[in-house]
Amino acid sequence: MAGPLSHIRVLDLGRIMAAPWATQILADLGADVIKIERPGAGDDTRSWGPPFLADTDGKPTREAGYFLAVNRGKRSVTLDIAKPEGQALARQLAERCDVVVENFKAGALSKYGLDAASLRALKPELIYCSVTGFGQDGPRRDQAAYDFMIQAMGGLMSLTGERDGTPQKVGLPIVDLMTGMYAAVAILAAVAKRERTGEGETIDLAMLDVQAGFLANQAMNWLVGGKVPHRAGNRHPNIQPQDVFPARDGHIVLAVGNDGQFVKLCEAIGRPDWARDARFVRNADRVRNEAELSPLLAARFQDFTRAELTALLDAAGVPCGPINTVPDVFADPQVQHREMLCHLPHPLAGSVPQVVSPIRMQDAPLRFDRAPPTLGQHTQEVLDELGVTAEQRTMLAEKGIV
């Protein structure tokens with residue numbers, strides 16, 4: 001069965017992470033995504049290794065793990081859009097597409113005639129999504145941005161890390177990923193609008209806006225309470241007990257979410273009296289008295305191994321879990337049951353592992369049958385669809401345009 005977006009074609013002018021993450025989501029949902037890459041070099045992330053995918057002889061290819069994480073399901077076309085012939089081909093492709101996604105600096109594509117105004121003049125019903133660090137307007141409009149600096153500028157690093165330690169970034173490019181998610185959501189909303197009105201859309205997504213937007217409860221803690229949030233390690237600012245606690249042979253995460261779960265916790269570890277202690281009865285009490293509660297729990301948990309404690313709390317219905325490594329995650333029986341890892345055929349390696357989309361749709365199930373492409377793997381195929389002849393293709397190759 002075709003995916004729910006099998007009627008949508010996307011021209012992907014994105015590079016690195018945020019825009020490609022958005023277009024991979026659309027590809028997973030069935031869209032035909034045509035990824036434009038520079039001849040010879042391709043997307044920057046192709047070289048962001050090691051590690052690199054090994055070929056069938058065990059030798060490293062040019063396919064870095066970073067690139068393989070965000071380009072599943074796409075067709076790769078090499079095209080030099082800095083040259084007039086490349087721009088003309090890109091415009092032809094855009095006219096055949098429903099969506100264009102790009103993450104060049106603000107205004108950079110206008111000199112090529114590939115900006116939103118130019119392409120929507122050719123095709124008014126086009127949906128055009130621009131992803132930048134700071135947006136299409138404002139005093140920082142022309143600045144370059146990377147995930148790390150936006151985590152810092154957007155407040156996330158002021159909240160991440162131990163209370164007395166240095167600021168820390170998240171261990172994933174979380175702003176890129178969230179920007180890609182917001183881009184995909186915005187594109188889907190624009191598709192729904194177009195199907196109702198026939199009108200296209202121009203979408204302006206800024207990474208700094210996204211980071212400010214997902215400060216979520218921490219932003220509201222300041223806006224409502226007037227107290228500036230600070231780093232607190234793994235402690236939750238509004239719910240207790242939620243932290244990392246040591247058992248006898250390692251650590252677990254405890255994530256009590258309400259008063260009833262706290263009662264179950266106390267009963268499970270043989271201290272029901274703590275649930276009746278005036279300092280800890282309600283969540284607000286526990287938040288105020290966290291400095292007294294946490295040491296009590298830490299001392300009691302030392303009587304159990306990690307396995308004993310997690311089994312005890314699982315049986316009692318108290319949310320808790322081990323701190324898994326990445327290999328541990330994919331060894332987890334639940335993750336395996338949900339088939340979050342698959343292997344797709346690859347022209348160089350034979351097969352390539354992929355962490356698939358978590359979206360599950362009963363009536364329009366997602367399919368994963370196209371591996372991240374090798375550089376220019378689909379150039380001839382897509383040029384054929386445009387009606388480019390073999391002679392024209394040879395001329396374009398000789399000029400370094402494809």
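Analysis parameters
Residues numbered from 1 in each chain as written. Predicted model: local features only at pLDDT ≥ 70, side-chain atom pairs only at ≥ 80, totals over all residues. Heavy atoms only, no water. Helix = DSSP H or I, 4+ residues; strand = E, 2+ residues; numbered from the N terminus. Contact = heavy atoms within 4.5 Å. Core = buried A, V, L, I, M, F, W, Y, C linked by side-chain atoms within 4.5 Å. Buried < 20%, exposed > 50% of the residue type's maximum accessible area, 1.4 Å probe, protein only. Axes fitted to C-alpha atoms, helices over the stretch in contact; angles between N-to-C directions. Parallel < 35°, antiparallel > 145°, perpendicular 65-115°, else oblique. Left-handed = near helix turned anticlockwise from the far one by under 90°. Nonpolar A, V, L, I, M, F, W, Y, C, P; charged D, E, K, R; others polar. Pairing = 2+ DSSP bridges. Phe/Tyr/Trp six-rings, centres within 6.5 Å; stacked < 30°, edge-to-face > 60°. Lys NZ or Arg CZ within 6 Å of the ring centre and 35° of its normal. Patch = residues over 30% accessible without salt bridge, like charges linked within 9 Å, V, L, I, M, F, W, Y side chains within 5 Å. Areas by Shrake-Rupley, 256 points an atom, 1.4 Å probe, with all protein chains shown as cover. Salt bridge = Lys/Arg side-chain N within 4 Å of Asp/Glu carboxyl O. Expected span 1.5 Å × (residues − 1). Arc of directions from axis to C-beta.

Enquirer: Quick rundown of the environment of Met178? Include the residues and the values.
Expert: Following the sequence through the fold, Met178 ends up in helix H7 (residues 174–197). Ignoring any residue separated from it by four or fewer positions in sequence, one finds Met178 in contact with Val210 and Phe214.

Enquirer: Which residues make up the side chain of Gln151, and what values do they have?
Expert: Residue placement: Gln151 occurs in helix H5 (residues 147–153). When sequence neighbours within four positions are dropped, the list of residues in contact with Gln151 reads Leu156, Met157, Lys169, Val170, Leu172, Ile174, Val175 and Gln211.

Enquirer: So what about the nonpolar core? Which residues, and what values?
Expert: In terms of nonpolar packing, the biggest core is built from 31 residues, with Val10, Cys129 and Ile187 touching the most fellow members. When residues of this core are traced back to their parent elements, those giving at least two are helix H1 (18–28), strand E6 (99–102), strand E7 (127–132), H7, strand E8 (201–206) and helix H8 (207–213). For Cys129, the contacting residues outside a window of four places in its chain are Val100, Val101, Glu102, Ala183, Ile187, Ile203 and Leu205. Core analysis: the next-biggest nonpolar cluster, separate from the first, contains 28 residues, Ala90, Cys97, Leu114 and Leu126 among them.

Enquirer: Account for the packing of H1 against H7, naming residues and giving values.
Expert: The relative placement of two packed helices is expressed as an angle between their axes plus a distance between the axes. Where H1 contacts H7, the two axes come as close as 7 Å, and the packing angle between them is 50°. With respect to H7, the element H1 is oriented oblique. Taken as a pair, H1 and H7 cross one another with a handedness that is right-handed. Contacts between H1 and H7 involve Ala18, Trp21, Ala22, Ile25 and Leu26 from the first element and Asp176, Leu177, Thr179, Gly180, Met181, Ala183, Ala184, Ile187 and Leu188 from the second. In the contact of H1 with H7, the residues fall into eleven nonpolar, two polar and one charged.

Enquirer: Give me the lowdown on the sheet that holds E7, citing residues and values where you can.
Expert: Sheet architecture is open: six strands sit in the order E5-E2-E1-E6-E7-E8, paired in parallel fashion. Where the open sheet ends on each side, the last strands, each with one partner, are strand E5 (74–78) and E8. Averaged over all pairs of adjacent strands, the angle between strand axes in this sheet comes to 20°, irrespective of strand direction. Pairing of strand E1 (residues 9–13) with E6, which is carried by four bridges, proceeds in the parallel orientation. Bridged to Leu11 within E6 is Val100. Most of the contacts of H1 go to E1, to which it runs at about 160°, and overall it touches E1, strand E2 (32–37), E5, E6 and E7. Seen against the sheet, helix H3 (residues 84–95) touches E1, E2 and E6 and runs at an angle of roughly 150° to E1.

Enquirer: Let's hear about the packing of aromatic side chains: which residues, and what values?
Expert: Two measures describe an aromatic ring pair: the distance that separates the ring centres and the angle between the ring planes. Taken as a whole, this structure holds two aromatic pairs when the rule is applied. Taking 5.4 Å as the distance between ring centres and 85° as the angle between the ring planes, the aromatic pair formed by Phe245 and Phe301 counts as edge-to-face. Note that Phe245 is positioned in strand E9 (residues 242–247) and Phe301 in helix H12 (residues 290–301), a separation of 56 residues in sequence. Among the residues examined, Phe245 registers a relative accessible area of 3% and is labelled buried. For Phe301, a relative accessible area of 0% puts it in the buried group. The ring of Phe134 is capped by Arg140, whose NZ or CZ atom sits 5.9 Å from the centre of that ring. We note Arg286 situated over the ring of Phe262; from NZ or CZ to the ring centre the distance is 4.5 Å.

Enquirer: Describe a nonpolar patch on the surface, with residues and values.
Expert: On the surface, Met220, Trp222, Leu223, Val224 and Val228 cluster together into a nonpolar patch covering about 540 Å² of accessible area. Within the secondary structure layout, Leu223 lies in helix H9 (residues 216–225).

Enquirer: If you had to explain the pairing of strand E13 (residues 350–355) to someone new, which residues and values would you point to?
Expert: Of the strand pairs in this sheet, strand E12 (residues 341–346) and E13 are connected by six bridges, and their pairing is antiparallel. Counterpart to Pro345 in the pairing with E13 is Ser351. Where E12 folds back on E13, the antiparallel hairpin that results is connected by three residues.

Enquirer: Help me get a handle on H12, residues and values and all.
Expert: Helical periodicity: at 3.6 residues per turn, an α-helix aligns residues three or four positions apart in one direction. A rise of 1.5 Å per residue sets the reference length of H12, with its twelve residues, at 16 Å; its end C-alpha atoms lie 16 Å apart and thus fit the reference within 8%. Regarding H12, the residues found buried are Glu290, Leu293, Ser294, Leu297 and Phe301. Relative to the axis of H12, the buried residues are bounded by an arc of 95° and lie together on one face. Residues of H12 that are buried in the fold lie against E9, strand E10 (250–255), helix H10 (259–268), helix H11 (283–288) and helix H13 (306–316).

Enquirer: Lay out the packing of H10 against H13 in plain terms, naming residues and giving numbers.
Expert: Relative orientation of the contacting elements H10 and H13 amounts to 135°, with a least axis distance of 9 Å. Here H10 is positioned oblique relative to H13, judged by the angle of their axes. With respect to the hand of their crossing, H10 and H13 are arranged in right-handed fashion. For the pair formed by H10 and H13, the contact residues are Lys264, Leu265 and Ala268 on the first element and Leu312, Leu313 and Ala316 on the second. Looking at the contact of H10 with H13 residue by residue, the class counts come to five nonpolar, no polar and one charged.

Enquirer: Could you give me a rundown of the environment of Thr56, with the residues and numbers involved?
Expert: Here Thr56 lies in the loop between strand E3 (52–54) and strand E4 (60–64). The exposed category is assigned to Thr56, whose relative accessible area is 60%. Separated by 293 residues in the primary sequence, Thr56 and Ala349 have C-alpha atoms spaced 4.9 Å apart. Among residues more than four places away in sequence, those in contact with Thr56 are Leu348, Ala349 and Gly350.

Distances and angles like these do not, on their own, reveal function.
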